[in-house]
Amino acid sequence: MPTSGSREVAVVAFAQTQHVRRLDDSNEVEMVMPVLHEVKASLGVEQRDIDFTCSGSTDYLAGAAFSFVQALDAVGAWPPIAESHVEADGAWALYEAWVKIQTGQADTALVYAYGKSSPGSLRDVLSRQLDPYHQAPLWPDSIALAALQARACLDAGVTTVDEMAGIAARSRRAAAANPFALLRSSEEPDVLLKEPELASPLRKHDCPPITDGAAAIVLAAGDRARELVERPAWIDGIDHRTDAHSIGVRDLTVSDSTRIAGEKAGVGSRPVDVAELHAPFTHQEVVLRRALGLGDGVDVNPSGGALAANPMMAAGLVRIGEAAQRVMRGEAQRAVAHATSGPCLQQNLVCVLEGGT
Amino acid sequence: MSTSEVLSAPLVLEYPFRRTVGVVQGAFLTGLRDGKVLGIRTTDGRVLCPPVEYDPATGDELTELVEVGTGGVVTTWSWEPEPRAHQPLDRPFAWALIRLDGADTTMLHAVDAGSPEAMATGMRVRVRWADERSGSITDIACFEPESADTDPTPPAPLEHPTDEPVKLIETPARLEYRFTAGQATTRFLHGITEKRILGERCGVCGKVYVPPRGSCPTDGVATSEQVELPARGIVTTFCVVNLQFYGQAMEVPYVCATVLLDGADIGLFGLVQEIPFDQVRMGMRVEAVWVDDEELGPTMTNIKWWKPTGEPDAPYESFREHV
Amino acid sequence: MGKERVAVVGVGQTKYSATRGDVSLPGLLREAARNSLADAELTWADIDAVVVGKAPDFFEGVMMPELYLADALGAVGKPLLRVHTAGSVGGSTALVAASLVQAGIHRRVLTIAFEKQSESEAMWALTLPIPFQMPLVAGAGGYFAPHIRAYMRRSEAPDYIGILVALKDRQNALKNPLAHLHEPEITFDSVKDSLMLWDPLRYSETCPSSDGACAMILTDEAGGDAATKPPAWMLGGAMRSEPTMFAGRDQVNPQGGRDCAADVYKQAGIDNPRQDVDVAEIYVPFSWYEPMWMENLGFAPEGTGWKMVEEGATQMDGDLPINPSGGVLSSNPIGASGMIRFAESALQVRGMAGEHQIDGARVAIGHAYGGGSQFFAMWAVGSQKP
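Small disclaimer: the values here were computed from a predicted structure and weren't measured. (Residues numbered from 1 in each chain as written. Chains lettered and ligands numbered in written order. Predicted model: local features only at pLDDT ≥ 70, side-chain atom pairs only at ≥ 80, totals over all residues.)

Caption draft 1: A look at the overall build of chain C. Looking only at helices and strands, chain C features 13 helices and eleven strands. In terms of overall size, chain C behaves like a compact globule, its C-alpha atoms giving a radius of gyration of 19 Å where 386 residues would be expected to give roughly 21 Å. Across its three principal directions, the C-alpha atoms of chain C cover 55 × 45 × 45 Å. By the burial criterion, 72% of the 386 residues in chain C qualify as buried. Long-range pairs, those at least 24 residues apart, make up 79% of the contacts in chain C with a sequence separation of at least 6. (Helix = DSSP H or I, 4+ residues; strand = E, 2+ residues; numbered from the N terminus. Rg over C-alpha atoms; globule rule 2.2 N^0.38 Å. Buried ≥ 20, exposed ≤ 12 C-beta atoms within 10 Å, placed from the backbone. Contact = placed C-beta atoms within 7 Å.)

Pasting the structure below:
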């Protein structure tokens with residue numbers, strides 16, 4: 001029996017776009033379509049073989065109400081399909097799809113997510129997530145908020161600027177092996193630390209790149225998964241929790257919601273080989289590692305993580321896909337994937353993937 | 001198509017959002033207007049400032065408002081070297097979480113410290129009141145470092161003092177985007193610049209879409225085979241719009257019709273003019289009325305409207321499957 | 001259906017009005033959530049997960065507002081999901097919440113849908129500018145009116161059918177103290193003489209713009225059995241989507257709606273919808289959608305839905321009452337309207353609909369649609385366990 005749910009459900013396919021700083025030659029539909037084709041073609045399935053479809057995206061990024069409606073054109077939703085959408089990162093769309101399969105009403109699910117951050121000013125757009133009475137009217141930008149959390153972590157001795165630079169360098173160098181990432185190399189940490197602060201105490205290297213991109217995953221249950229691929233990446237545990245909204249009431253040096261989700265997903269029950277953590281800012285990787293109890297032996301963000309490519313609304317789904325892919329390739333036996341949403345790690349999802357037949 | 005060829009255009013979304021605030025937030029904002037800061041007490045005695053209606057820890061409703069100090073401690077801070085529009089200050093400033101005296105939680109705001117060297121976790125700051133206060137978080141213009149040398153400036157008297165509690169705040173928001181038309185729309189718009197209407201055919205089902213949408217929605221594949229269509233067709237259905245609203249570009253009443261061009265498999269929206277609106281009917285044959293040549297550009301508005309051709313209406317049976 | 005039975009043990013709604021000026025955004029939600037907890041005789045601590053639904057965030061100008069609202073919904077430390085499927089969202093939100101129970105993942109789920117659209121303007125938020133185009137389609141009414149014209153042509157229905165629906169729903173609303181529009185003076189002629197907004201739709205045949213929230217508490221079978229008040233039992237639920245526009249699409253009688261209904265009926269063992277369903281709360285934002293949906297939902301053969309209206313079959317004393325609550329035509333906080341339909345159907349089979357109760361209602365339908373008539377969410381609930 002898996003840790004979460006009672007049906008065995010696995011990731012059986014994953015595809016993502018070549019993530020870029022700005023995709024000026026395509027709109028969202030054109031960006032998503034190749035990824036949907038690829039993920040279905042890799043399994044030799046068509047839309048009619050998919051029992052449930054769920055996507056994640058946000059109107060505010062595109063500057064269009066109901067933007068996800070147009071994206072449906074890329075799916076081929078005819079005859080009519082069982083389909084839903086969350087106004088959140090695709091990791092939560094995957095969760096909804098996983099739940100659907102657990103009900104027994106579906107055996108396969110297609111999950112996709114996309115976000116073009118380039119059309120708007122992301123820092124201004126994200127300020128619209130904040131408390132509309134006390135915070136949003138001040139237009140605090142997302143980097144400033146992350147910087148507040150970073151300083152709190154430095155003051156508390158949770159991390160150091162050296163460690164943060166080390167995380168930036170390690171992540172972007174690891175991304176050299178990831179053809180889909182945007183930033184795929186890095187200077188040495190001591191060179192990075194010579195740069196001026198961008199938003200004290202954060203430097204540019206501590207921050208994620210603005211990215212346009214999309215991703216898709218196919219889930220399948222039990223024997224259906226085994227029919228589709230050699231080595232499904234089984235979702236042994238999956239859970240998500242939220243903390244209080246305001247950064248003024250939380251302890252920014254810890255992530256309770258990540259800790260709880262990790263416990264419910266059973267992270268600590270067996271050794272973890274690989275962890276794909278959705279940490280757009282370097283200091284957040286430290287906070288998340290601690291919350292999940294990941295030791296030094298865990299390979300964190302071999303894909304480069306969100307520091308190498310951060311397609312909003314898809315970055316969390318990409319973490320699940322990257323972790324699953326390593327399991328499917330036999331490169332890891334047990335992987336943890338994490339996704340986050342909201343200011344300074346407010347809401348967190350944790351997924352544990354395991355290899356095996 | 002290269003990046004430089006795909007069309008894009010600015011898109012501005014703005015609205016003066018009006019938020020009613022309820023009793024608790026209303027009291028807090030009224031306090032700010034009147035030059036004091038209120039927090040709210042939880043059942044276990046902690047004071048949250050800014051106040052919230054519902055305890056994040058327990059979900060309980062909170063009602064006991066208490067005054068807190070206008071000075072407090074910075075618990076963490078950051079630096080904004082290039083302030084953006086609408087932010088509290090237009091010269092570089094610090095963002096900070098500030099725990100006011102008597103409160104157990106922190107408020108996010110700006111500190112006019114002058115330079116990052118003047119900021120430190122644990123330093124004391126105090127409110128600098130805005131001259132004009134209306135009952136908003138911006139009644140606190142910003143915070144400033146506490147100084148032994150100078151006293152805090154008391155809040156300026158209101159120009160129009162009132163006892164009315166604050167019930168509403170206006171929080172205008174303007175976001176600017178760059179809208180990318182995408183490749184299919186760009187192809188279409190290039191065509192229409194030359195008064196050519198270019199639909200696209202789906203390679204799987206063979207249907208011709210105009211304006212092309214980049215993908216055939218039923219097959220989920222890109223359309224790309226261009227099919228030139230005449231600027232004439234029939235009205236399959238329509239409505240007469242008689243509603244004015246914020247941002248409405250058209251003068252009412254006007255007829256918004258679905259026009260099925262000859263050779264297309266799907267209709268496009270268009271304005272119908274040069275006929276009294278109550279004489280427009282389903283099946284009516286129409287043709288495009290273009291702007292003058294020197295006004296042509298990559299935009300659907302090259303077609304000002306559709307006018308009746310005077311030909312006999314298409315029989316209902318001939319288009320009923322489209323409607 | 002899934003493995004675990006789902007019971008609706010609490011329903012809570014706000015008073016709907018054009019502007020809920022007395023509350024903040026969290027205050028609006030709390031009112032509905034608190035009412036649902038009180039109805040269920042449960043506390044915040046009893047809730048395992050929260051599922052929130054609402055329509056485009058531009059309505060309130062807060063991006064992903066469920067993040068801000070987590071505290072108000074007692075969701076700190078719990079799973080929180082946000083569904084957005086356009087106008088059907090209230091319904092699909094309820095179905096996502098139900099899935100959590102059906103799958104055995106959570107035992108008690110709070111689901112809530114809302115809109116405080118007075119913070120902006122519905123017409124502005126629905127008609128945001130798109131470059132390279134002229135904004136011709138003026139809001140939802142402007143989109144649907146041409147399809148109504150097409151239905152009228154197809155069915156050759158007399159042109160007053162829409163007026164009858166509007167009159168019925170607004171009169172029903174007089175028996176629902178929470179409804180936004182209370183028009184005791186309304187008559188056939190007052191509807192007919194009201195301003196044409198999007199010909200053929202008149203002002204009085206059009207849904208209002210409302211602030212409001214609606215919440216339900218869903219539990220597993222044990223929770224349903226333990227409830228002191230009668231629960232509503234979920235008999236079936238389904239979602240279907242189809243693309244907005246494609247060649248040959250039937251926008252008047254969409255396949256997606258028909259498939260969705262067929263799936264729900266199959267799950268619920270409903271063989272003859274007209275006979276087996278006692279009352280239906282369906283999404284009718286513009287009058288003519290009632291006869292159209294009568295056909296789409298299989299209550300009337302194609303082309304004859306309007307006859308049900310004319311005969312009075314859909315009146316509260318007819319053989320298939322539709323929207324005894326007053327429906328979307330009487331209250332329309334867009335993100336919540338779908339859930340209100342689901343909640344009202346549950347109230348009916350619990351016998352708790354007060355003055356607008358349909359006597360003996362044992363099987364009820366809740367239905368929502370959204371987008372360009374392309375997203376459908378529907379459930380069937382009953383007074384008896386399936």
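Caption draft 2: Structural detail: the overall build of chain B. Scanning chain B for helices and strands turns up three helices and 20 strands. C-alpha atoms of chain B, sized along the principal axes, occupy 85 × 45 × 45 Å. Long-range pairs, those at least 24 residues apart, make up 59% of the contacts in chain B between residues at least 6 apart in sequence.

Caption draft 3: Region of the structure containing the interface of chain B and chain C. If you look at the interface, chain B gives 53 residues, while chain C gives 47 residues. Residue assignment for the side of chain B that touches chain C shows that the elements contributing at least two residues are strand E1 (8–20), helix H1 (22–33), strand E10 (168–180), helix H2 (182–193), strand E16 (232–241), strand E17 (254–261) and strand E18 (268–272) of chain B. When residues of the side of chain B that touches chain C are assigned to their parent elements, the largest contribution, eight residues, is made by E1 of chain B. When the residues that make up the side of chain B that touches chain C are grouped by side-chain class, the tally is 33 nonpolar, 13 polar and seven charged. Here E16 of chain B runs beside strand E5 (residues 196–199) of chain C; their pairing, made up of two bridges, is antiparallel. Looking at E5 of chain C, one finds that Val240 of chain B is bridged to Asp199 of chain C. (Nonpolar A, V, L, I, M, F, W, Y, C, P; charged D, E, K, R; others polar. Pairing = 2+ DSSP bridges.)

Caption draft 4: Broad picture of helix H9 (residues 255–268) of chain C. Taking 1.5 Å as the rise per residue, H9 of chain C with 14 residues should run 20 Å; its terminal C-alpha atoms sit 20 Å apart, in good agreement. In this fold, the buried residues of H9 of chain C make contact with strand E8 (232–241), helix H10 (273–276), helix H11 (289–296), strand E10 (363–370) and strand E11 (375–382) of chain C. (Expected span 1.5 Å × (residues − 1).)

Caption draft 5: Layout of the sheet that holds strand E15 (residues 225–229) of chain B. Residue and element names in this part refer to chain B. An order of E12-E11-E15 is seen for the three strands of this open sheet, with the pairing classed as antiparallel. Each end of this open sheet is capped by a strand with a single partner; those strands are strand E12 (208–209) and E15. Pairing analysis gives five bridges linking strand E11 (residues 197–201) to E15, with the strands arranged antiparallel. Counterpart to Leu198 in the pairing with E15 is Glu228. Strand contacts of H2: E11 and E15, with the helix running at about 150 degrees to E11, the strand carrying the most contacts. (Axes fitted to C-alpha atoms, helices over the stretch in contact; angles between N-to-C directions.)

Caption draft 6: Region of interest: the domain arrangement of chain B. Here chain B is described as being made up of domain 1 (22–166) and domain 2 (230–323). The C-alpha-based centres of domain 1 of chain B and domain 2 of chain B are spaced at 56 Å. (Domains from an automatic or database assignment.)

Caption draft 7: Layout of the nonpolar core. Judged by nonpolar contacts, the single largest core of 376 residues is most densely connected at Val111, Ile217, Leu219 and Leu353 of chain A. Two domains each provide a minimum of three residues to this core, namely domain 1 (22–166) and domain 2 (230–323) of chain B. One finds Ala173, Leu178, Ala179 and Leu181 of chain C within the second-largest nonpolar core, a separate group that totals five residues. (Core = buried A, V, L, I, M, F, W, Y, C linked by C-beta atoms within 7 Å.)

Caption draft 8: Quick look at the interface of chain A and chain C. Contacts between chain A and chain C engage 47 residues on the former and 49 residues on the latter. Mapped onto the side of chain A that touches chain C, the elements with two or more residues apiece are helix H2 (59–62), strand E3 (83–86), helix H4 (90–103) and strand E8 (233–242) of chain A. Top contributing element to the side of chain A that touches chain C by residue count: H4 of chain A, with six residues.

Caption draft 9: Region of interest: the pairing of strand E8 (residues 124–129) of chain B. All names here are of chain B. Pairing of strand E5 (residues 71–80) with E8, which is carried by three bridges, proceeds in the antiparallel orientation. Directly across from Val73, in E8, lies its bridge partner Arg124. Pairing between E8 and strand E9 (residues 140–145): five bridges, direction antiparallel. In the sheet register, Val125 faces E9, and the bridge partner there is Pro145.

Caption draft 10: Looking closely at the environment of Val350 of chain A. Residues and elements named next belong to chain A. Within the element layout of this structure, Val350 appears in strand E12 (residues 347–354). Take Val350: there are 30 C-beta atoms within 10 Å of it, and that puts it in the buried class. Here the alpha-carbon distance between Val350 and Ala156, two residues 194 residues apart in the chain, equals 25 Å. Among residues more than four places away in sequence, those in contact with Val350 are Asp239, Thr258, Ala261, Gly262, Ala265, Val267, Leu292, Val336 and His338.

Caption draft 11: The arrangement of the packing of helix H10 (residues 256–265) of chain A against helix H11 (residues 282–292) of chain A in detail. Residue and element names in this part refer to chain A. H11 packs onto H10 with a crossing angle of 40 degrees between their chain directions and a minimal axis gap of 8 Å. Accordingly, the angle class assigned to the pair H10 and H11 is oblique. The handedness of the crossing between H10 and H11 comes out as right-handed. Residue-level contacts link Thr258, Arg259 and Gly262 of H10 to Leu288, Ala291 and Leu292 of H11. (Parallel < 35°, antiparallel > 145°, perpendicular 65-115°, else oblique. Left-handed = near helix turned anticlockwise from the far one by under 90°.)

Caption draft 12: View of the sheet that holds strand E3 (residues 47–48) of chain B. All names here are of chain B. Taken together, three strands build an open sheet; the order of strands is E3-E2-E4 and the sheet is antiparallel. One side of each edge strand has no neighbouring strand; the edge strands of this open sheet are E3 and strand E4 (64–68). For strand E2 (residues 37–41) and E4, the ladder comprises five bridges, and the chain directions are antiparallel. If you follow Arg41 over to E4, its bridge partner there is Glu64.

Caption draft 13: Structural context of the packing of H4 of chain A against helix H13 (residues 315–328) of chain A. Two elements in contact, H4 of chain A and H13 of chain A, have axes whose closest approach is 6 Å; the angle formed by their N-to-C orientations is 60 degrees. Contacts between H4 of chain A and H13 of chain A pair Gly90, Ala91 and Leu94 of chain A from the former with Gly316, Leu317 and Ile320 of chain A from the latter.

Caption draft 14: Seen up close, helix H7 (residues 161–174) of chain A. All names here are of chain A. Relative to the 20 Å expected for 14 residues at 1.5 Å per residue, H7 spans 20 Å between its end C-alpha atoms, a close match to the ideal helical length. Buried within H7 are the following residues: Met164, Ala165, Ile167, Ala168, Ala169, Arg170, Ser171, Arg172 and Ala174. For H7, the elements touching its buried residues are helix H8 (189–192), H11 and helix H12 (305–308).

Caption draft 15: Structural view of the confidence of the model for chain C. Of the residues in chain C, 99% reach a pLDDT of 70 or more, and the chain-wide mean stands at 95. Quick note on the complex model: pTM equals 0.97, ipTM equals 0.97. (pLDDT = per-residue confidence, 0-100.)

Caption draft 16: Examining unusual backbone geometry more closely. With omega at -10 degrees, the peptide bond leading from Val210 of chain B into Pro211 of chain B counts as cis. Cis geometry is adopted by the peptide bond preceding Pro200 of chain C, which originates at Asp199 of chain C and carries an omega value of 15 degrees. Along the chain, Pro200 of chain C turns up in the loop between E5 and strand E6 (201–202). Even without glycine at this site, Cys344 of chain A takes up a positive phi of about 50 degrees. If you trace the backbone, Cys344 of chain A turns up in the loop between strand E11 (334–341) and E12. Here Ala86 of chain C, not a glycine, exhibits a phi torsion of approximately 60 degrees, which is positive.

Caption draft 17: A look at the environment of Asp359 of chain C. Secondary-structure assignment places Asp359 of chain C in the loop between helix H13 (334–350) and E10. Taking the C-alpha atoms as reference points, Asp359 of chain C and Val279 of chain C, 80 residues apart in sequence, are found 9.8 Å from one another.

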